[in-house]
Amino acid sequence: MSDPRKNGQTVEPTVFELSHPGRSGYRLPALDVPPADLAEVLGASNLRSTPPELPELSEPEVVRHFTRLAEMNFHVDRAMYPLGSCTMKYNPRINEEMAGLPGFTGVHPETTAAECQGAISLIYNLGRMLAEISGMDHVSIQPPAGASGELAGMLMVRAYQADQGNPRSKVIVPDTAHGTNPASLTLAGYEAVEIPSGPDGRIDVQVLAAAVDEETAAFMITNPNTLGVFESRIADIAEIVHGVGGLLYLDGANLNASLGVVRPGDAGFDVMHFNLHKTFATPHGGGGPGSGPVGVKSLLADYLPCPVARRDERKALGFEYDFDYDRPKSIGKVHAVYGNFLVAVKAYAYILTLGPQGLRRVAENAVLNANYLQKKLEPFFELPFPGLCQHEFVLSASRQKEQGVRALDVAKRLLDYGLHSPTVYFPLVVKEALMIEPTETESRASLDRFVDVMKAIAEESASSPELVTGAPTGTPVSRLDESLAAKELDVAWGKT
Amino acid sequence: MPYVPNTDRDREEMLREIGVGSVEELFAAVPKGLRESVELDVPGPLSEAELVRHMKRLASMNRTTDDVVSFLGGGVYDHTVPAVVRYVMGMPQFYTAYTPYQAEASQGTLQSIYEFQSLICRLTGLGVANASMYDGASAAAEACLMALAITRRNKILVAGTAGPSLRAVVATYLEASDIEIVELPETCGVTDVSAVDAHLEGAAVLLVQHPNFFGLLEPVDELSVKCADAGVLLVASVDPLSLAVLKPPSDYGAAIAVGEGQSLGSPVGYGGPLLGFMAADKKYLRRMPGRIIGATTDTMGRRGFVMTLQTREQHIRRAKATSNICTNEGLVALGAAVHLSLLGKNGFRELALQVTSKAHYAALALSAVAGVDLRFEGPFFREFVIDLSVPARRVKEELGRVGIWPGISCGCYYDGMENSLLVSVTERHTREDIDSLASGLEAVISPGGSS
Ligand SMILES: Cc1ncc(COP(=O)(O)O)c(C=O)c1O
């Protein structure tokens, strides 16, 4: 039986199908030393018998192929991308340009401190700014993504608790937690204890009080949480957790709602991570690279990932900034080098461009836009947790489900209207969840357009649901068969 | 505020629609005491012109590999990045997109990552690859976790010749478990095969870096045999460029191959972003961490791509996921796919040949200098260790003054190697660069030299 994935209709051939023997898209300089005899210098038994089957294309063919692929992508420069929890805000062009300065891209990580003061000062000062914004005492930019920051943070919790005499065994998470939270704390050696949220979508303080004990190493929460509501009883929460000797961990993925408004460090959090690729406008890159700095209060400073950027204003060594490797209590390294430096450059430029008032305006407008949307969409979709929200809110397509339309269908239909869908089926506590985060970089006109489209889809769900369940039709490909992909696994082209 | 479209008037109208009197009211859920005190002390706001001036000043305080003749490597390599790679990575359709959650609107990302996976499979000879990891070090750590889960054993063997940062990250990932980590001793710069037997029993994995931190080829065939006999999974951390000429990990029975892909189209960038990759024997696909892209068809029978086997991942499996990774290094993986496609079968091999040739030319030229010896005899690929008759630190300092960075001081990472330098060569080095290093060393080291 022929596999349609290999020889059926294609929208864009793979780079392997485009290959033509003898072509090459790049010219190397002429070799100006004697060519090595590979068998002699590497040993014949170490060599491969045939070169790897890489494709053979000329430069224009490569450019066309990837340009055509690019054209099949939805992206935030095109239209609203209201993925809840993902903070798909505009990525300022100037930051890309700054991260592309040869004075940053061309620095080798083994350069001596004296010769790369600009780079280390940027790392140090970004850490200071993030500390100021969050109310933490110290920040390390080493973790390359949010989940890596979670791991680093949880390992610090563990090291701290061990130093108090017992690493403890459990970390509590609310049922609204992002999946990386339980996964990271498990990797840090803890058992995840999930507690149900209260009827208002917030942590039920009584449930929490009953769940904590001397084995509770930490309570890990997101605030505002993934339903978009602020944990108003944060002081009680902190007291309960600290009362049993536990630490309070903040998943800072939703920090956008707090910039210049409230600082987690003031609210009792001991350790947190940031997502520079959300809050601080660095692009997501279709799945990364991100950057997940981890911030701590002083009680955890000794455990920070190694090395730690530091400043000596008196320049005792002849320069101001360097890395401190002498950190005997450090959890060690979570990244091979210093973290995603070029991403950090973009976040640094972003903070300088905004300044303190600008940061606050980000939070204000993110929250304003979300509340505006929530208000306007409420007539058409169920709102399981009514009331003001912060930077995002969660609708349910439960009414539409009765009409035979699921959240997934709504998501796909949005694509036909040229908009991206919200996050669907998360958080898990809402059935048929549509999690919507407009961000501050959307205009009112673009919010109104989204409302019009959502309204149209709600109407279609009632009148002609097949339009919605049959979506998308306006995308480069129509609905894709995920079960075929999982059943007949094809994750690499051709024979290897 | 250039990035916020709402005007004051918009705000007022929107507040009215919401039914609140002020923006402050929107934050009513935030306890007042927490809200009222905030007065951030951060610099800015800067105009674009001011920002550029400041950033250029910072950038100018760094010496780059263009400003000097640099032989720094050790895992991050200064190759030429073709303009096309930068161009494609700079397409907003790619870089301003999120993870491809809505497949039908993300075919560009999905197909290019499928192509990346396919290219990694072709380099490593293994059947399956994932969509990327943070870096080669975390990929190695994840491979160990994967092998531990597969074998249900609780010990790992790590070659002491694997890069120090790789070993450090592996140790961090295993810190909270009661897994025993055995560091295998070296002899002549490579893993001492005869010392392996003593540790094999009960081990889940043997992690070897090939070529290793010193640039040397490891005795992978012998290690492979030992692993196979003891039911230990062999994990090879490989330099992707070396795979243009070296036999693929599949040939020596590696169950998992990981590596650092920075050399595939990324600048040195002060060490990040990097690019971790992971490939494995097909039978371990369901044990792999991270995202995996698979081919499928749409309702009209056309080929398309989706994220597949997501039930392994954190957003579904939560505490029981194969890994906590979510965001990976997608854009860097795209860059690697473009890079490999552009160089292609012949260009990539030619690049590896040039790097090998220049590295060996350099080794000969440097070891001809009195007071400089090649420390190890074994075959090496792109870098090698030299022993100097004087401390490496001093040599680095003195050569730095004439714009030559001769390599990494091994003493920073290995005891007793204070006089050793790891010298790394790429296609960017000209014969003249290498000759200047040789004469520079001669001037610094020889008794009549500047010391
Ligand atoms: C609430 C929350 N926590 C954690 C993460 C994980 O962050 P990352 O994808 O950078 O690892 C995300 C993002 O996906 C998130 O939305």
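A. Region of interest: the overall build of chain B. Tallying secondary structure elements over chain B gives 15 helices and 17 strands in all. Along the first, second and third principal axes, the C-alpha atoms of chain B reach 85 × 55 × 50 Å. For chain B, with 451 residues in total, the buried portion stands at 67%. In chain B, the proportion of contacts linking residues at least 24 apart, taken out of those at least 6 apart, comes to 71%. Accessible area for chain B stands at about 14,700 Å²; split by element, carbon and sulfur atoms hold 49% of it. Taking the 39 positively charged and 52 negatively charged side chains of chain B as two groups, their mean positions are separated by 5 Å.

B. Just the domain arrangement of chain B, in detail. Residue and element names in this part refer to chain B. When its domains are assigned, chain B resolves into domain 1 (69-79 + 345-445) and domain 2 (83-340). Computed from C-alpha coordinates alone, the two centres of domain 1 and domain 2 are separated by 28 Å. Of the roughly 2,200 Å² buried between domain 1 and domain 2, counting both surfaces, carbon and sulfur atoms make up 72%. The interface formed by domain 1 and domain 2 includes seven residue pairs in polar contact (both at pLDDT 80 or more). Of all the elements in the fold, those that place two or more residues in the side of domain 1 that touches domain 2 are helix H13 (330-367) and strand S14 (383-388). Residue contributions to the side of domain 1 that touches domain 2 peak at five residues, all from H13.

C. Looking closely at the packing of aromatic side chains. In the structure shown here, the tally under the stated rule is 17 aromatic pairs over all chains. For the ring pair Tyr338(A) and Tyr270(B), a centre distance of 4.7 Å and an interplane angle of 35 degrees mean the geometry is tilted. Pair noted here: Tyr338(A) is in the loop between strand S9 (321-324) and helix H11 (341-377) and Tyr270(B) is in the loop between strand S9 (256-260) and strand S10 (276-280), and the two residues belong to different chains. A single burial state applies to Tyr338(A) and to Tyr270(B), both of which are buried. Both rings, one in Tyr350(A) and one in Tyr3(B), keep their centres 6.1 Å apart while their planes meet at 10 degrees; by these two values the pair is stacked. Pair noted here: Tyr350(A) is in helix H11 and Tyr3(B) is in the segment before helix H1 (8-18), and the two residues belong to different chains. Note on Tyr3(B): relative accessible area 12%, which makes it buried. Clustering of aromatic rings is evident, with ring pairs tying together Phe104(A), Phe323(A), Tyr338(A), Phe341(A) and Tyr270(B). Positioned over the ring face of Phe16(A) is Arg122(B), at 4.1 Å from the centre of the ring. Its end group placed over the ring of Tyr77(B), Arg382(B) keeps NZ or CZ at 3.6 Å from the ring centre.

D. Spotlight on the domain arrangement of chain A. Its domain assignment divides chain A into domain 1 (4-71), domain 2 (94-351) and domain 3 (362-482). Centre-to-centre separation of domain 1 of chain A and domain 2 of chain A, based on C-alpha positions: 41 Å.

E. Spotlight on helix H6 (residues 117-134) of chain A. All names here are of chain A. Here H6 contains 18 residues, and its C-alpha end-to-end distance of 25 Å stays within 8% of the 26 Å for a straight helix at 1.5 Å per residue. Burial runs high along H6: 15 of the 18 residues are buried. Just downstream of H6 lies Gly135, where phi reads positive at about 75 degrees.

F. Spatial organisation of the packing of helix H14 (residues 392-401) of chain B against helix H15 (residues 431-445) of chain B. Residue and element names in this part refer to chain B. Direction vectors running N to C along H14 and H15 enclose 115 degrees, while the axes themselves pass 10 Å from each other. Here H14 runs over H15; the crossing is right-handed. Every residue of H15 that contacts H14 at Arg394, Val395, Glu398 and Leu399 is listed here: Leu437, Gly440, Leu441, Val444 and Ile445. Taken together, the residues of the contact of H14 with H15 break down into six nonpolar, one polar and two charged.

G. Structural view of the site of the ligand. Around the ligand, 15 residues are found, and the nearest of them are Ser85(A), Asp251(A), His277(A), Lys278(A) and Thr327(B). One finds residues of chains A and B in close proximity to the ligand. A distance of 2.5 Å is found between a nitrogen atom of the ligand and a side-chain nitrogen or oxygen belonging to Asp251(A). About the coverage of the ligand: the protein hides 99% of its 390 Å² of free accessible area.

H. View of unusual backbone geometry. Here Gly44(B) and Pro45(B) are connected by a cis peptide whose omega angle stands at 5 degrees. With respect to the helices, strands and loops of the structure, Pro45(B) is situated in the loop between helix H3 (32-36) and helix H4 (48-60). Of note, the amide linkage connecting His210(B) to Pro211(B) takes the cis form, showing an omega dihedral of -5 degrees. With respect to the helices and strands, Pro211(B) occurs in the loop between strand S7 (205-210) and helix H11 (220-230). For Ser85(A), which is not glycine, the phi torsion reads 80 degrees and is therefore positive. For Ser85(A), the location among the structural elements is in the loop between helix H3 (59-71) and helix H4 (93-99). Among the residues examined, Ser85(A) registers a relative accessible area of 6% and is labelled buried. At Cys188(B), a position not held by glycine, the phi torsion is positive, near 55 degrees.

I. Structural context of the pattern of salt bridges. This model, assessed by the stated rule, comprises 49 salt bridges over all chains. In this structure, the salt-bridge partner of Glu104(B) is Lys412(A), at a minimum N-O distance of 2.7 Å. One end of the pair, Glu104(B), is in the loop between helix H6 (92-95) and helix H7 (107-124); the other, Lys412(A), is in helix H13 (residues 407-416), on a second chain. Owing to a relative accessible area of 2%, Glu104(B) belongs among the buried residues under this scheme. In this structure Lys412(A) comes out as buried when scored by relative accessible area, which is 4%. The partner of Arg375(B) in a salt bridge is Asp387(B), and the shortest N-O contact between them spans 3.2 Å. Of this pair, Arg375(B) sits in the loop between strand S13 (372-374) and S14 while Asp387(B) sits in strand S14, and the two are twelve residues apart along the sequence.

J. Structural detail: the packing of H6(A) against H11(A). Residues and elements named next belong to chain A. Remark: H6 packs on H11, axes separated minimally by 10 Å, with the N-to-C direction vectors making an angle of 45 degrees. On the basis of the axis angle, H6 is oblique to H11. For the element pair H6 and H11, the recorded crossing hand is left-handed. Across the interface between the two elements, Ala119, Leu122, Ile123, Asn125, Leu126, Met129, Leu130 and Ile133 from H6 touch Phe341, Ala344, Val345, Ala347, Tyr348, Ile351, Leu352 and Leu359 from H11. Tallied by class, the residues present in the contact of H6 with H11 amount to 15 nonpolar, one polar and no charged.

K. Quick look at the nonpolar core. Counting 207 residues, the largest nonpolar core has Phe104(A), Met154(A), Leu208(A), Phe219(A), Phe280(A), Met55(B) and Tyr270(B) as the members making the most contacts within it. The biggest single contributor to this core is H11(A), with 20 residues. With 89 residues, the next largest nonpolar core counts Phe16(A), Leu123(B), Phe277(B) and Ala337(B) among its residues.

L. Expanded view of the sheet that holds strand S12 (residues 433-436) of chain A. Residue and element names in this part refer to chain A. Here three strands make up an open sheet; going across it, the order is S10-S12-S11 and the pairing antiparallel. A single partner strand is all that each edge strand has here, and the edge strands are strand S10 (393-396) and strand S11 (423-424). As defined by bridge partners, S10 adjoins S12 across four bridges and the pair is classed as antiparallel. What sits directly across from Val394, in S12, is Met435.

The rules we used
- Residues numbered from 1 in each chain as written.
- Chains lettered and ligands numbered in written order.
- Predicted model: local features only at pLDDT ≥ 70, side-chain atom pairs only at ≥ 80, totals over all residues.
- Heavy atoms only, no water.
- Helix = DSSP H or I, 4+ residues; strand = E, 2+ residues; numbered from the N terminus.
- Buried < 20%, exposed > 50% of the residue type's maximum accessible area, 1.4 Å probe, protein only.
- Contact = heavy atoms within 4.5 Å.
- Areas by Shrake-Rupley, 256 points an atom, 1.4 Å probe, with all protein chains shown as cover.
- Lys, Arg positive; Asp, Glu negative; His and termini not counted.
- Charge placed at Lys NZ, Arg CZ, Asp CG, Glu CD.
- Domains from an automatic or database assignment.
- Buried area = accessible area lost by both parts, 1.4 Å probe.
- Polar contact = N/O pair within 3.5 Å; in protein donor to acceptor, adjacent residues only side chain to side chain.
- Phe/Tyr/Trp six-rings, centres within 6.5 Å; stacked < 30°, edge-to-face > 60°.
- Lys NZ or Arg CZ within 6 Å of the ring centre and 35° of its normal.
- Expected span 1.5 Å × (residues − 1).
- Axes fitted to C-alpha atoms, helices over the stretch in contact; angles between N-to-C directions.
- Left-handed = near helix turned anticlockwise from the far one by under 90°.
- Nonpolar A, V, L, I, M, F, W, Y, C, P; charged D, E, K, R; others polar.
- Near = heavy atom within 4 Å.
- Salt bridge = Lys/Arg side-chain N within 4 Å of Asp/Glu carboxyl O.
- Parallel < 35°, antiparallel > 145°, perpendicular 65-115°, else oblique.
- Core = buried A, V, L, I, M, F, W, Y, C linked by side-chain atoms within 4.5 Å.
- Pairing = 2+ DSSP bridges.

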